[in-house]
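Listed below are the residues making up each chain.
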Amino acid sequence: MAAPASRQVRRRARAAPRPRSAEDWWWDRLAPRGSGYHLLQSDSMLLVLSEPGPARPRAQRRASRRTPRQAPPGPSAAAKPKAGLRPEAAAAPAPAPAPTPTPEEGPDAGWGDRIPLEILVQIFGLLVAADGPMPFLGRAARVCRRWQEAASQPALWHTVTLSSPLVGRPAKGGVKAEKKLLASLEWLMPNRFSQLQRLTLIHWKSQVHPVLKLVGECCPRLTFLKLSGCHGVTADALVMLAKACCQLHSLDLQHSMVESTAVVSFLKEAGSRMRKFWLTYSSQTTAILGALLGSCCPQLQVLEVSTGINRNSIPLQLPVEALQKGCPQLQVLRLLNLMWLPKPLGRGVAPGPGFPSLEELCLASSTCNFVSNEVLGRLLHGSPNLRLLDLRGCARITPAGLQDLPCRELEQLHLGLYGTSDRLTLAKEGSPFLTQKWCHTLRELDLSGQGFSEKDLEQALAAFLSTPGGSHPALCSLNLRGTRVTPSTVSSVISSCPGLLYLNLESCRCLPRGLKRAYRGLEEVQWCLEQLLTSPSPS
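Notes on the structure in this doc start here. This structure is a prediction, so every number in the text was calculated from the model and none was measured. (Residues numbered from 1 in each chain as written. Predicted model: local features only at pLDDT ≥ 70, side-chain atom pairs only at ≥ 80, totals over all residues. Heavy atoms only, no water.)

## Quick notes on the overall build of the chain
What counts here: The helix and strand labels rest on DSSP assignments: H or I over at least four residues marks a helix, E over at least two residues marks a strand, and numbering proceeds from the N terminus. Only protein chains enter the accessibility calculation, which uses a 1.4 Å probe; a residue is then buried when its area is under 20% of its type maximum, exposed when over 50%, and partly exposed in between. Every residue pair with non-hydrogen atoms within 4.5 Å of one another is taken to be in contact. Accessible areas in this description were obtained via Shrake-Rupley with a 1.4 Å probe; residue shielding takes into account the shown protein chains only.
When helices and strands are tallied, the chain shows 20 helices and 16 strands. Within the chain, the fraction of its 539 residues that count as buried is 40%. Taking the contacts inside the chain whose residues are at least 6 apart along the sequence as the reference set, 75% of them involve residues at least 24 apart. With the model as given, the accessible surface of the chain reaches about 31400 Å², and the carbon-plus-sulfur share is 54%.

## A look at a nonpolar patch on the surface
Basically, it comes down to this: Every patch collects residues that have over 30% relative accessible area and no salt bridge, joining them within 9 Å if they carry like charges and within 5 Å if they are nonpolar side chains (Val, Leu, Ile, Met, Phe, Trp, Tyr). Note on definitions: salt bridges are taken to be side-chain nitrogens of Lys or Arg within 4 Å of carboxyl oxygens of Asp or Glu.
A contiguous nonpolar surface patch, about 220 Å² in accessible area, is contributed by Ile-119, Ile-123 and Leu-127. Examined against the element boundaries, Ile-123 turns out to sit in helix 6 (residues 117–131).

## Re the packing of aromatic side chains
Spelled out, the test is: Aromatic rings from Phe, Tyr and Trp, with only the six-membered ring used for Trp, were paired whenever their centres fell within 6.5 Å, and each pair was classed as stacked if the ring planes differed by under 30 degrees, edge-to-face if by over 60, and tilted otherwise.
The final tally for this structure, using the stated rule, is five aromatic pairs. Consider the rings of Phe-124 and Phe-136, whose centres lie 5.2 Å apart with planes at 85°: the pair is edge-to-face. Of this pair, Phe-124 sits in helix 6 while Phe-136 is found in helix 7 (residues 136–140), placing the two residues twelve residues apart along the sequence. Look at Phe-224 and Trp-278: their rings are 5.9 Å apart centre to centre, the planes differ by 80°, and that puts the pair in the edge-to-face class. Of this pair, Phe-224 sits in strand 5 (residues 224–228) while Trp-278 sits in strand 7 (residues 276–280), and the two are 54 residues apart along the sequence.

## Comments concerning helix 15 (residues 373–380)
Listing the buried residues of helix 15 in full gives Val-375, Leu-376, Arg-378, Leu-379 and Leu-380. Residues of helix 15 that are buried in the fold lie against helix 14 (320–326), strand 9 (332–336), strand 10 (360–362), strand 11 (388–390) and helix 16 (399–403).

## Concerning the packing of helix 11 (residues 235–244) against helix 12 (residues 260–270)
Cut-off, in case you're wondering: To define axes, lines are fitted to C-alpha atoms, for helices over the stretch in contact only, and angles between the resulting N-to-C directions are given on a 0 to 180 degree scale. Roughly parallel covers angles under 35 degrees, roughly antiparallel covers those over 145, roughly perpendicular covers 65 to 115, and oblique covers all other angles. Put simply, a crossing is left-handed when the front helix is turned counterclockwise from the back one by less than a right angle, and right-handed when it is turned clockwise. For this scheme, ten residues count as nonpolar: Ala, Val, Leu, Ile, Met, Phe, Trp, Tyr, Cys and Pro. Four count as charged, namely Asp, Glu, Lys and Arg, and the remainder, Gly too, count as polar.
Packing of helix 11 against helix 12 leaves a shortest axis separation of 8 Å and a crossing angle of 15°. As far as their axial angle goes, helix 12 and helix 11 are roughly parallel. In this structure, the crossing between helix 11 and helix 12 has a hand that is right-handed. Residue-level contacts link Ala-235, Leu-238, Val-239, Ala-242 and Lys-243 of helix 11 to Ala-262, Val-263, Ser-265, Phe-266, Glu-269 and Ala-270 of helix 12. The class makeup of the residues in the contact of helix 11 with helix 12 is eight nonpolar, one polar and two charged.

## Structural notes on the pattern of salt bridges
A side chain with one charge may pair with a side chain of the opposite charge, provided their charged atoms come close. What the rule picks out here adds up to eight salt bridges. When the shortest N-O distance is used, the salt bridge between Glu-374 and Arg-378 registers 3.4 Å. Of this pair, Glu-374 and Arg-378 both sit in helix 15, four residues apart, roughly one helical turn. Among the charged side chains, a network of salt bridges with common partners joins Glu-304, Arg-334 and Glu-360.

## Examining the layout of surface pockets
This is how it is decided: A pocket here means an open set of points on a 1 Å grid, computed over the protein atoms alone, that has protein on both sides within 12 Å along at least five of seven lines. A cavity is instead a set of points where a 1.4 Å probe fits but cannot get out; residues with an atom within 4 Å of a point line either one. Grid points are joined across faces, edges and corners, and a volume is the space filled by probe spheres set on the points.
Space inside the second largest pocket adds up to approximately 430 Å³. What lines the second largest pocket is a set of 22 residues, among which Met-134, Gly-138, Trp-157, Leu-188 and Phe-193 lie closest to the centre. Contributions of two or more residues to the lining of the second largest pocket are made by helix 7, helix 8 (145–151), strand 3 (159–163) and helix 9 (171–191). Here the lining of the second largest pocket is composed, by residue class, of 13 nonpolar, seven polar and two charged.

## Examining helix 17 (residues 431–438)
For helix 17, the buried fraction is high: six of the eight residues fall into the buried class. Buried residues of helix 17: Ser-431, Pro-432, Leu-434, Thr-435, Lys-437 and Trp-438, and no others. For helix 17, the elements touching its buried residues are helix 16, strand 12 (412–414), strand 13 (444–446) and helix 18 (454–461).

## Re the packing of helix 17 against helix 18
In contact at an axis separation of 8 Å, helix 17 and helix 18 are set at 5° when each is read in the N-to-C sense. Considering their axes alone, helix 17 and helix 18 lie roughly parallel with respect to each other. Here Ser-431, Pro-432 and Thr-435 of helix 17 lie close against helix 18, whose contacting residues are Asp-456, Leu-457, Gln-459 and Ala-460. Counted by class, the contact of helix 17 with helix 18 contains three nonpolar, three polar and one charged residues.

## Points about the state of the cysteines
Operational definition: By convention in this document, the label disulfide applies to cysteine sulfur atom pairs within 2.5 Å.
Tallied over the entire structure, the rule returns zero disulfides. Of all cysteine sulfurs, the one in Cys-508 lies closest to Cys-528, which takes part in no disulfide; the gap is 9.9 Å. The exposure class assigned to Cys-528 is buried, which follows from its relative accessible area of 0%.

See below:
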């Protein structure tokens, strides 16, 4: 008899309720019992799902099936007494029905409805600032009424990108898709985009004019407009937009087919408030640049002229001094992948006023261009605040010409030559002039493809070993691809620059095999240092 008693004790011990843990307490807080919600946990998310009600035990479901249905009230409810029953039993009153249970209170509305609308809008604003309004706001509006109300706030729809739905499809299908999207925009513009500030249209072919008309009517706060790969942009649409959107100050027309007359008309209407302008170089660019040189945009701060995928072989005629007079407030000037042919300064002609506010100059090109030390001096003789100088592909620029520049706090210097110096005689000396002048401020340095000698590079990079004030150098990116840098020079640079996060040593003929690659991140750079210190020097 002892054995059954011990089994009963074990069963009782197993049936004893276990103490509640902190996890159970949190689960009850998120989805309390009787709230109509239950939790579903996966590897990377926690879902709160609604349910119709708590599931009943199997015994209760069976009992409900066996219970006979009550007869409906009416004359047929007074059924005749069955044969074989006594009259007293037949006349006995029916037992009183069981009292109907009082319905419980309705389920909790959930945490989504308890968050104030203002807080929910702020949360959505953080997500929109990180990833944009679409597709998040469209999906959030389908969660519940509160989320729909929050996602419908026009303040969240300040940046929108509208791409043609059928890019690369036949022309007829693309036209139908654009018309269908235009019908949706006729409702979205006044109801969602009333506070729109930045709009981007990508690959619109036929309905650009109606879209711009809607923008002019419903988006008075528009400040930035980008048309990428768009066709059919007329002068009337741009002028109407300039008149309706009085805060519009940035226009990006790269890779779009826009007639020069339309752009010039827009600049004449809105040129006084223009701050940023992007343009793709073509045969029609001359008229647009002529308007800029004629002081049409005196407040312009960013100007970028670049070529498309197919490089344009027509040289760009851009007088330096006229540009300095027409756009004196320029802060960023980018002439990308252009065959720029600067006009020479005539005899007795005084130099231009310069760009006193210029902070970035980019003249990068994939082929050899005609930018020389003399042209660079004319551009930057009045720019002491320059922070970024990109001269990739400018093989005619020498360290001696860079040493004479007035800027003293340059942070990024790119002098890489990528296949453009095959037929040119490169300078073998002079690199110490660059590092000794800017070693205390340089964060990125690109010398790839340059022909400096081993000793010259050693002297140049030795400037980072001792910085004024005893502080560590600010260098975090160094590109020495294809140079004659030695292992001792590389190891000394890594040791003296603890913040170095990118180091490119591809095709460096003086380094041992296995180390000629790009290193990204602090761990890889330190691993390169260990290998350089332990590996023998190449023969």
